[in-house]
Amino acid sequence: MVIKRKRGWEMPEHLATSEALFLNRRVLIGGAAGLAAGSLLGGRAALAAAGDQTLYPAAQNPAYTLDRAITPERFSADYNNFYEFGTSKTVLPAANALKTHPWTLKIDGLVEKPFEIGVDDLIRKVGLEERLYRHRCVEAWSMAVPWTGFPLSKLVALAKPASGAKYIRFETFMDKAMAPGQRAFFYPWPYTEGLTLAEAGNDLAFVVTGVYGKPLPNQFGAPIRIAVPWKYGFKSAKSIVKVSFTADRPKTFWEGLQASEYGFWANVNPAVPHPRWSQATERVLGTDQRVPTLIYNGYGEQVAGLYKGLEGERLFL
Ligand code: MTE
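Small disclaimer: the values here were computed from a predicted structure and weren't measured.

A. The arrangement of the overall build of the protein chain in detail. Along the protein chain, the regular secondary structure elements total seven helices and 13 strands. Each of the 317 residues in the protein chain was classed as buried or not, and the buried ones make up 56%. Sequence separation of at least 24 residues holds for 75% of the intrachain contacts in the protein chain that already meet a minimum separation of 6. Accessible surface, the protein chain: about 13,300 Å² in total, of which carbon and sulfur atoms supply 57%.

Listed below in structure tokens is the structure:
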């Protein structure tokens, strides 16, 4: 007998509500001026970033599809969080200054032997696949995206972590000349994020090198970023240059800025509000809909087990 199970992210239409509020984390940084301005369309020609175009589009992994519409690129590519290039959502023109090729990834910390590898070499080694993922920003907007990349577990396997390694730390590039946002001294640059090794080993944890069937456009975090779709989007660090394996929990960019609002775990949960706004619903990019947010962003079946025994932790902030 075939039992059709309703997947976590399927939701009845009647639950959709209209957009009610505009949320912005910039309230936190009183005087932080938006640094990236200019024509949305000005950088469109540069959307196809450097990278081996012949590897795209990659074959879609049928285990990672969605029962909701993919967000059209014209919406997701013009509404980005990439504070290195400004705090407005239109970072596209400024992000075009990022030189993404060649790009070297450094693997260090508690590993058998630290090494560096070019992103193109890494891709050739591990291969690429396409996955359809949800993305839920802590600011209560969401999108559905066809990422191209490879499981983070493949990078962990290449790194050969030592027995004492418990966490993985991601570090974004640091270059004030290229990235005007990094001249803002009140942010704890460079951008860093972290996961436990158990989280990094979950099959959903993905290293992203492309989107919409082509190499990542700069504003999405070219040439290499993370996607951990059960967590708020800020956990998915962009334009990574270093991956370190550590024994201690790494302090992250947003924790450094405001630990009471942005913790280490940051798993999506509609029942746990951000201290300044509700997380119960989300605005779907490119639509006029607000829809209910789902625990673990709809991926609870795959990830809830990671948090057994950690009930005392602030898992959802
Ligand atoms: N990574 C870096 N280096 N800098 C950032 O500002 N913003 C984060 C995350 N990764 C950010 C980052 C946040 S808040 C979100 S919601 C996602 O990137 C946004 O990804 P997108 O612009 O591709 O939608």
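B. The packing of aromatic side chains, seen in detail. Throughout the structure, instances matching the rule amount to 25 aromatic pairs. Here the aromatic rings of tryptophan 103 and phenylalanine 173 are separated by 6.1 Å at their centres, their planes lie at 80 degrees, and the arrangement is edge-to-face. Of this pair, tryptophan 103 sits in the loop between helix H2 (92-95) and strand E2 (104-109) while phenylalanine 173 is found in the loop between strand E6 (167-172) and strand E7 (192-196), placing the two residues 70 residues apart along the sequence. Both residues of the pair, tryptophan 103 and phenylalanine 173, belong to the buried class. Residues tryptophan 265 and tyrosine 307 carry aromatic rings whose centres are separated by 5.7 Å and whose planes lie at 90 degrees to one another, so their mutual orientation is edge-to-face. A residue pair is termed long-range when its members are at least 10 positions apart, and tryptophan 265 in the loop between helix H6 (253-258) and strand E12 (281-284) and tyrosine 307 in the segment after helix H7 (300-303) qualify at 42 residues. There is no split in this pair, since tryptophan 265 and tyrosine 307 are both buried. It is lysine 89 that lies over the ring of tyrosine 79; its NZ or CZ is 5.6 Å from the centre.

C. Representation of empty space enclosed by the protein within the structure. What the rule picks out here adds up to four cavities of 30 Å³ or more. By volume, the largest cavity amounts to about 270 Å³. Asn81, Phe82, Gly233, Ser236 and Lys238 are the residues nearest the centre of the largest cavity, which is lined by 21 residues in total. Here the lining of the largest cavity is built from residues that sort into 11 nonpolar, six polar and four charged.

D. Structural view of the confidence of the model for the protein chain. This prediction gives the protein chain a mean pLDDT of 88; 84% of its residues lie at or above 70. For the stretch residues 26-49, pLDDT sits under 50, and the model shows 53 contacts to residues farther than four places along the chain or on other chains.

E. The sheet that holds strand E11 (residues 240-246), seen in detail. What the five strands build is an open sheet, ordered E3-E2-E11-E6-E7; its pairing is mixed. In this open sheet, the two strands that pair with only one neighbour each are strand E3 (115-118) and E7. Across this sheet, the average inter-strand angle for adjacent strands is 20 degrees, counted without regard to direction. With six bridges joining them, E6 and E11 adopt antiparallel strand pairing. Paired with arginine 169 across the bridge in E11 is serine 244. Relative to E3, helix H3 (residues 119-126) is tilted by about 85 degrees, and along the sheet it contacts E2 and E3.

F. Broad picture of the nonpolar core. Membership of the largest hydrophobic core comes to 85 residues, with the highest contact counts inside it found for Trp147 and Leu152. When residues of this core are assigned to their parent elements, the largest contribution, six residues, is made by strand E5 (residues 141-151). Once you skip the residues sitting within four places of it in the chain, leucine 152 turns out to touch Ile168, Phe170, Leu195, Ala200, Ala205, Phe206, Val207 and Ile226.

G. Spotlight on unusual backbone geometry. Looking along the chain, the bond that leaves histidine 101 and enters proline 102 is cis, with omega of -5 degrees. Within the fold, proline 102 resides in the loop between H2 and E2. The omega torsion of the bond from alanine 222 to proline 223 falls at -5 degrees, within 30 degrees of zero and hence cis. Here proline 223 lies in the loop between strand E9 (214-215) and strand E10 (225-227). A positive phi is found at tyrosine 212, a non-glycine position, where the angle reads about 50 degrees. Within the chain, serine 239 stands out as a residue other than glycine whose phi angle is a positive 40 degrees. As for its position among the elements, serine 239 is in the loop between E10 and E11. Serine 239 gets classed as buried once you look at its relative accessible area, which sits at 0%.

H. Structural context of the side chain of glutamate 73. On the secondary structure map, glutamate 73 appears in helix H1 (residues 73-76). Relative accessible area serves as the criterion here: at 18%, glutamate 73 is assigned to the buried category. At a separation of 3.0 Å, a polar atom in the side chain of glutamate 73 contacts the side chain of lysine 214.

Cut-offs used in this document
- Residues numbered from 1 in each chain as written.
- Predicted model: local features only at pLDDT ≥ 70, side-chain atom pairs only at ≥ 80, totals over all residues.
- Heavy atoms only, no water.
- Helix = DSSP H or I, 4+ residues; strand = E, 2+ residues; numbered from the N terminus.
- Buried < 20%, exposed > 50% of the residue type's maximum accessible area, 1.4 Å probe, protein only.
- Contact = heavy atoms within 4.5 Å.
- Areas by Shrake-Rupley, 256 points an atom, 1.4 Å probe, with all protein chains shown as cover.
- Phe/Tyr/Trp six-rings, centres within 6.5 Å; stacked < 30°, edge-to-face > 60°.
- Lys NZ or Arg CZ within 6 Å of the ring centre and 35° of its normal.
- 1 Å grid on protein atoms, 1.4 Å probe; cavity = no way out; pocket = protein on both sides within 12 Å on 5 of 7 lines; lining within 4 Å.
- Points joined across faces, edges and corners; volume = space filled by probe spheres on them.
- Nonpolar A, V, L, I, M, F, W, Y, C, P; charged D, E, K, R; others polar.
- pLDDT = per-residue confidence, 0-100.
- Pairing = 2+ DSSP bridges.
- Axes fitted to C-alpha atoms, helices over the stretch in contact; angles between N-to-C directions.
- Core = buried A, V, L, I, M, F, W, Y, C linked by side-chain atoms within 4.5 Å.
- Polar contact = N/O pair within 3.5 Å; in protein donor to acceptor, adjacent residues only side chain to side chain.

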